[in-house]
Amino acid sequence: MSGATAAPTYRFAFITLDKYSMIALSSAMEPLRMANHLSRREVYQWSIVTLDGQPAIASNGAYMLPTVALDDMGAVDIVFVCGGIKVKEAVTPPLLAALRRLAQRHVPIGALCTGSYALAKAGVLEKHHVAIHWENMAGLIEEFPGIHLTEKLFSIDQDRYTCSGGIAPLDLMLHLIKNHLGNDIALAISDQFIVERVRDDNDRQRVPLQNQVGICQENLLKVAALMEANIEEPLSLDDLSDEIGVSRRQIERLFKRYLNCVPTKYYLDLRLHRARALLLQTSLSILEIAIACGFRTPPHFAKCYRDLFGYPPSGERGQKCKKPFASVPLMAAPQLRSVAPNVEYCGNA
């Protein structure tokens, strides 16, 4: 709990859009509440915000009180836009103007779930790495080619904090709390919430390849499936070509066009991410994991691992967070009230 006694209070604002994801919002707020509880003081404050101060209705039909108007929220240190289903309908010109004003004032801005769409539409994510729920990836990159889309659970790029949906905001907040209050508090929060492992910004969403390339790219999907099924004994590109009856050159063109990489790079990254999962989730030795993921020698495995993740396999099981948490800071914890749901459910609601 080092640093907790001297830490100032940070104020978070969560701008809720119509039909926002309640699980994403609560996964972001609850770690802040628990950090206060375990620190025995109000390290974090937060408020629920809409443009007009009227509660937004979540995709599950509930709303949160108190909700304050954007103009009345006061000074904050970081603002998160929380989206959900039908986000395009929820993004209005007044909202976009408000987000641009926040960016012009250099207020750190983040997004939960499909909130990244609102930030992209406002033009405040250009040339930034951006995370969003995997169902929305294809549409986002097509509409906003100037952003750098990532498959990671969350992305922190300068003063932009974007996060995919579901419970991934829990991981983002634990990451921030860990950098701010220390690892002991973050681990204590995860224990309270019965979270077996805190994921970090090296963890990726499980993105079905079909959602990245479309159902028409049957040959590409077949090659990728063969790669995933042959991790311990990797197939050569010629073997893959023979298996699906497509030329080696055609496979290379497909990977370049739709995944912007060569097949060998895709295959290597696939094996390394499998290795990372084994390092984090099993007690297998590094040698056993290297063999299980198709590497002939531990030194070669260690080099490839370091090239991708920035540290060797031996550092994974005791990896310490190195990124400093910039000063970030709201109001009394909101009350939850429910109304009769009358929503269409789809996607990541």
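Rules and cut-offs
- Numbering of residues starts from 1 in every chain and runs along the sequence as written.
- Per-residue local features of the predicted model are confined to residues with pLDDT of at least 70, and side-chain atom pairs are confined, for both listing and counting, to 80 or more; whole-chain, interface and lining totals are unaffected and use all residues.
- Note that the side-chain values use all heavy atoms of the structure and ignore hydrogens as well as water.
- Fitted lines through C-alpha atoms give the axes, limited to the stretch in contact for helices. The angle between two N-to-C directions lies from 0 to 180 degrees.
- Strands are runs of DSSP state E lasting at least two residues, helices are runs of H or I lasting at least four, and both sets are numbered from the N terminus onward.
- In what follows, roughly perpendicular refers to angles from 65 to 115 degrees, roughly parallel to angles under 35, roughly antiparallel to angles over 145, and oblique to any angle outside these ranges.
- Residues count as neighbours in contact if any of their non-hydrogen atoms are within 4.5 Å of one another.
- Residues are sorted three ways: Asp, Glu, Lys and Arg are charged, Ala, Val, Leu, Ile, Met, Phe, Trp, Tyr, Cys and Pro are nonpolar, and all the rest, Gly among them, are polar.
- Each crossing gets its hand from how the near helix is turned against the far one by less than a right angle, where anticlockwise is left-handed and clockwise is right-handed.

In the nomenclature of an unreviewed UniProt entry, the protein chain corresponds to Helix-turn-helix domain-containing protein from the organism Aromatoleum toluolicum.

Undergrad: How should I be thinking about the packing of helix α10 (residues 237–244) against helix α11 (residues 248–259) in this particular structure?
TA: Think of two packed helices as two axes; the pair is described by the angle between the axes and how far apart they sit. One way to put it is that α10 packs onto α11 with a least axis distance of 9 Å and a crossing angle of 100°. When the interaxial angle is binned, α10 and α11 end up roughly perpendicular. Between α10 and α11, the contacting residues are Leu237, Asp238, Leu240, Ser241 and Ile244 on the first element and Arg248, Ile251 and Glu252 on the second. By residue class, the composition of the contact of α10 with α11 is 4 nonpolar, 1 polar and 3 charged.

Undergrad: How should I be thinking about the packing of helix α9 (residues 218–229) against α10 in this particular structure?
TA: As a packed pair, α9 and α10 sit with axes 10 Å apart at the nearest point and diverge in direction by 125°. Considered as vectors, α9 and α10 are oriented oblique to each other. In this structure, the crossing between α9 and α10 has a hand that is right-handed. Two secondary-structure elements touch here, α9 through Asn219, Lys222, Val223, Leu226 and Met227 and α10 through Leu240, Glu243 and Ile244.

Undergrad: I'm lost on the side chain of Asp171 in this one. Help?
TA: Structurally, the position occupied by Asp171 is in helix α6 (residues 168–181). Among all residues touching Asp171, those that are not within four sequence positions of it are Leu153, Phe154, Arg197, Val198 and Arg199.

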